[in-house]
Amino acid sequence: MRFSLVLVISFLFWGCTNFQGARALEFFSHLDKTGCWKKYERTDFEGRVLSEKIACVNAELFVLDTVSGKLKVDGKERKCWDDYGIQIEHVVEDSLGKILFSAKSTTEKGVVLSRTIENFTLPISRRTDRRSSLRMTESVDEGAITRVYTLQNDSGKVFEVQYRVDNDRMVSARINYPFIHKLKIDYDEDGSLVSIHDERSFSESRVDFDVSENRKEEKVTYNGEMYSYRLKEMDAKGNPIEILFSDDFSGRRIHRKYTYNLDGTTKSIWENGVSRSAVYKDGRLDREEYYDYGGKLRWVVGVTVDENGNVVESSYVRKTADDYFDKVIRRYKYTYTYR
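Values in this document were obtained by computation on a predicted structure and should not be read as measured data. (Residues numbered from 1 in each chain as written. Predicted model: local features only at pLDDT ≥ 70, side-chain atom pairs only at ≥ 80, totals over all residues. Heavy atoms only, no water.)

Peer 1: Tell me about the overall build of the protein chain, and please be specific about residues and values.
Peer 2: Along its length, the protein chain carries one helix and 22 strands. Expressed as a percentage of the 339 residues in the protein chain, the buried residues total 47%. Residue pairs at least 24 apart in sequence account for 36% of intrachain contacts in the protein chain once pairs closer than 6 positions are excluded. Just so you have it, the protein chain exposes about 17,400 Å², and 48% of that area is on carbon and sulfur atoms. (Helix = DSSP H or I, 4+ residues; strand = E, 2+ residues; numbered from the N terminus. Buried < 20%, exposed > 50% of the residue type's maximum accessible area, 1.4 Å probe, protein only. Contact = heavy atoms within 4.5 Å. Areas by Shrake-Rupley, 256 points an atom, 1.4 Å probe, with all protein chains shown as cover.)

Here's what the structure looks like:
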């Protein structure tokens, strides 16, 4: 299946207790100091940042059939966000319409109430990993809110965490399963969350979630071993400059760098060693050029944009010689739902 699976949150690993404990703590890295879900950049399925006005993006992927010499449907993908910017749907289908991956959530005022993930690309031998569900229960006591999240898959409970919010701020947290960890929450003088860690100074199962002083980096460690790392650097206008994500739960690695023109349009996107330059014509995106590690042009992507500047079609042509470009071998067609 050529259609890439871009998972915003990976809850699908089942392994040793070290991983379970680290994954339970990693859950907290997706919350802000009020206990609400963090927002992540909305992107299409080729890494372009989308406007917050977009509620859903749908894509259809076509690839070249070497036998017929024509483009044929290879898959479909859909992502949606709620009014708070939380991703509430991500579905991937193959060319026959069979669902390969599905993640759907219910949310309310920035809080995830439930989430179900189904990943049918995993081998049959790991059937218990194919389906997982996250559920939240909430109780209120003297104005303070206690939320308990439980993640389960087909074989049973994976982890259970809880936290308490008072005056729009997390004041306590703990991991109830697979091990009991009473966690300490630290804020800096500006009131920003900087760490969640074991109250115990030393422990063979110590868990820590730390944010760097400039709040650009986040990492999760378990017993001194790093399991998850995230870097997010923004410019003065709030545009992403560099994004890096790495976790041992799914083996997922993403590293992107963005540059911008003076008018705010994207100039280039670098991802995992490959540079993509945007070329504009009459103020509108006309094409993208892909360069390899050595700076040689390898691909040209012709694009069509709508009146809002979003790409509605992108066609990949491979450069096979100094001045020769092959036929279109891959194409994306996009449709958008706006708020």
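Peer 1: So what's going on with the pairing of strand β18 (residues 274-281)? Residues and values would help.
Peer 2: In the sheet, strand β17 (residues 266-271) pairs with β18 via four bridges, with the strands oriented antiparallel. Paired with E271 across the two strands is V274, which belongs to β18. The turn linking β17 back onto β18 is made up of two residues, and N272 within it adopts a positive phi angle of 50°. Relative to strand β19 (residues 284-291), β18 is paired through seven bridges, and the arrangement is antiparallel. Its bridge partner lying in β19, A278 is registered against E288. Taking the residues between adjacent antiparallel strands as the criterion, β18 and β19 are bridged by two residues, where D282 takes a positive phi near 55°. (Pairing = 2+ DSSP bridges.)

Peer 1: Can you explain unusual backbone geometry? Please cite residues and give values.
Peer 2: Residue P178 is reached from Y177 by a cis peptide bond, and omega for that bond is 15°. Here P178 is to be found in the loop between β9 (170-177) and β10 (181-187). Unusually for a residue other than glycine, N272 sits at a positive phi of about 50°. As for its position among the elements, N272 is in the loop between β17 and β18. Exposure remark for N272: the relative accessible area of 39% places this residue in the partly exposed category.

Peer 1: Provide a residue-level description of the state of the cysteines, including the pertinent values.
Peer 2: Covalent bonding between the sulfur atoms of two cysteines is what defines a disulfide. Taken as a whole and assessed by the stated rule, the structure comprises one disulfide. Covalent S-S linkage joins C56 and C80, the inter-sulfur distance amounting to 2.1 Å. Residues C56 and C80 share a disulfide whose torsion about the S-S bond is about 115°; that sign makes it right-handed. Pair noted here: C56 is in strand β1 (residues 54-64) and C80 is in strand β2 (residues 71-81), with a separation of 24 residues, a long-range link. Judged by relative accessible area, C80 falls into the buried class, the value being 3%. (Disulfide = S-S within 2.5 Å.)

Peer 1: Please give an account of the side chain of R42 that cites residues and values.
Peer 2: If you trace the backbone, R42 turns up in the loop between α1 (17-26) and β1. For the buried R42, no salt bridge is present, and the opposite-charge side chain at shortest range is E52, 5.3 Å distant. A polar contact is formed between the side chain of R42 and the backbone oxygen of I54, at a distance of 2.5 Å. The residues touching R42, leaving out its near neighbours within four places in the chain, are R48, V49, L50, S51, E52, I54, W81, D82, G85 and R339. (Lys, Arg positive; Asp, Glu negative; His and termini not counted. Salt bridge = Lys/Arg side-chain N within 4 Å of Asp/Glu carboxyl O. Polar contact = N/O pair within 3.5 Å; in protein donor to acceptor, adjacent residues only side chain to side chain.)

Peer 1: Lay out the nonpolar core in plain terms, naming residues and giving numbers.
Peer 2: Ranked by internal contacts, the top residues of the largest apolar core, which has 30 residues, are F27, F28, Y149, Y163, M170 and I196. Per-element tally for this core: the top contributor is strand β8 (residues 156-165), with five residues. Core analysis: the second largest hydrophobic core is formed by 19 residues, L50, I54, Y290 and V305 among them. (Core = buried A, V, L, I, M, F, W, Y, C linked by side-chain atoms within 4.5 Å.)

Peer 1: Residue-level account of the packing of aromatic side chains, with values.
Peer 2: This model, assessed by the stated rule, comprises 15 aromatic pairs. On the basis of an interplanar angle of 5° and a centroid distance of 6.2 Å, the ring pair of F45 and Y334 is categorised as stacked. Of the two residues, F45 is situated in the loop between α1 and β1 and Y334 in strand β22 (residues 324-338); the sequence distance between them amounts to 289 residues. Exposure remark for Y334: the relative accessible area of 4% places this residue in the buried category. With a centroid separation of 6.2 Å and 45° between ring planes, the pair formed by Y336 and Y338 is classed as tilted. Of the residues examined, Y338 reaches a relative accessible area of 32% and is grouped as partly exposed. In this structure an aromatic cluster arises from ring pairing among F45, Y290, W299, Y316, Y332, Y334, Y336 and Y338. The ring of Y187 has R169 lying over it, and the distance from NZ or CZ to the ring centre is 3.8 Å. The side chain of K257 reaches across the aromatic face of W270, ending 5.2 Å from its centre. (Phe/Tyr/Trp six-rings, centres within 6.5 Å; stacked < 30°, edge-to-face > 60°. Lys NZ or Arg CZ within 6 Å of the ring centre and 35° of its normal.)

Limitation: the analysis is restricted to geometry and does not speak to function.
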